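In case you want the letters, here they are:
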Amino acid sequence: MKSLVSHEGMRCANCDTPLVGEFCHECGQSVHSVLKPVYYMVEETVETVLHIDSRILHTLPPLFLRPGFLTLE
Ligand SMILES: [Zn+2]
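Residues numbered from 1 in each chain as written. Predicted model: local features only at pLDDT ≥ 70, side-chain atom pairs only at ≥ 80, totals over all residues. Heavy atoms only, no water.

### Structural notes on the environment of glutamate 8
And step 1. With respect to the secondary-structure elements, glutamate 8 resides in the segment before helix H1 (38–50).
And step 2. Along the sequence, glutamate 8 and proline 18 sit 10 residues apart, while their C-alpha atoms lie 7.9 Å from each other. (Helix = DSSP H or I, 4+ residues; strand = E, 2+ residues; numbered from the N terminus.)

### Topic: the coordination of the zinc ion
And step 1. Looking at the zinc ion, the protein donor atoms are Cys12 (SG), Cys15 (SG), Cys24 (SG) and Cys27 (SG), and they sit 2.2 to 2.3 Å from it.
And step 2. Considering all 4 donor atoms around the zinc ion, the spread of angles at the metal, 102 to 118°, places the coordination shape in the tetrahedral class.
And step 3. The motif formed by the donor residues of the zinc ion, counted along the single chain, is C-x2-C-x8-C-x2-C. Here cysteine 27 lies in the segment before H1 and cysteine 12 lies in the segment before H1, a separation of 15 residues in the sequence. (Donors = N, O, S within 2.8 Å, 3.2 Å for Na, K, Ca; no water. Tetrahedral: all angles 85-135°; square planar, octahedral: opposite > 155°, others 65-115°.)

### Describing a nonpolar patch on the surface
And step 1. Side chains of Val38, Tyr39, Tyr40, Met41, Val42, Val46, Val49 and Leu50 sit close together on the surface and give an oily, nonpolar patch of about 830 Å² of accessible area.
And step 2. Its location among the elements puts methionine 41 in helix H1. (Patch = residues over 30% accessible without salt bridge, like charges linked within 9 Å, V, L, I, M, F, W, Y side chains within 5 Å. Areas by Shrake-Rupley, 256 points an atom, 1.4 Å probe, with all protein chains shown as cover. Salt bridge = Lys/Arg side-chain N within 4 Å of Asp/Glu carboxyl O.)

### As for the pattern of salt bridges
And step 1. Within the structure shown, the criterion is met by 1 salt bridge.
And step 2. For the salt bridge of arginine 11 with aspartate 16, the shortest nitrogen-to-oxygen distance reads 3.2 Å.
And step 3. On the accessibility criterion, aspartate 16 (46% relative accessible area) is partly exposed. (Buried < 20%, exposed > 50% of the residue type's maximum accessible area, 1.4 Å probe, protein only.)

### Description of the side chain of threonine 17
And step 1. Looking at where threonine 17 falls in the secondary structure, it is placed in the segment before H1.
And step 2. Using a relative accessible area of 14% as the deciding quantity, one classes threonine 17 as buried.

### Some words on the packing of aromatic side chains
And step 1. One pass over the full model with this rule turns up 0 aromatic pairs.
And step 2. In this structure, lysine 36 packs its charged tip against the face of tyrosine 40, placed 5.7 Å from the ring centre.
And step 3. Across from the ring centre of phenylalanine 69, 4.1 Å away, lies the NZ or CZ of arginine 66, which sits over that ring. (Phe/Tyr/Trp six-rings, centres within 6.5 Å; stacked < 30°, edge-to-face > 60°. Lys NZ or Arg CZ within 6 Å of the ring centre and 35° of its normal.)

### Let's talk about the domain arrangement of the protein chain
And step 1. The domain boundaries assigned to the protein chain delineate domain 1 (1–33) and domain 2 (38–72).
And step 2. Using only C-alpha atoms to locate each centre, domain 1 and domain 2 end up separated by 38 Å. (Domains from an automatic or database assignment.)

In structure tokens form, the structure reads like this:
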């Protein structure tokens, strides 16, 4: 769920227009920074390289230990 955050008093970093919402109504600049923390980039890299998520951990053991189970599910 998206939280309600007031941007009152903030100004656009691009054109210095007072902001009403999350985007500048003059130039479309977002309030949110495109700069991400290092741990976010590491997480994205690991996920991209390994392409492993939690679903595969729930899929592989039954696939090898209980043949037919996933097909019936
Ligand atoms: Zn702007």
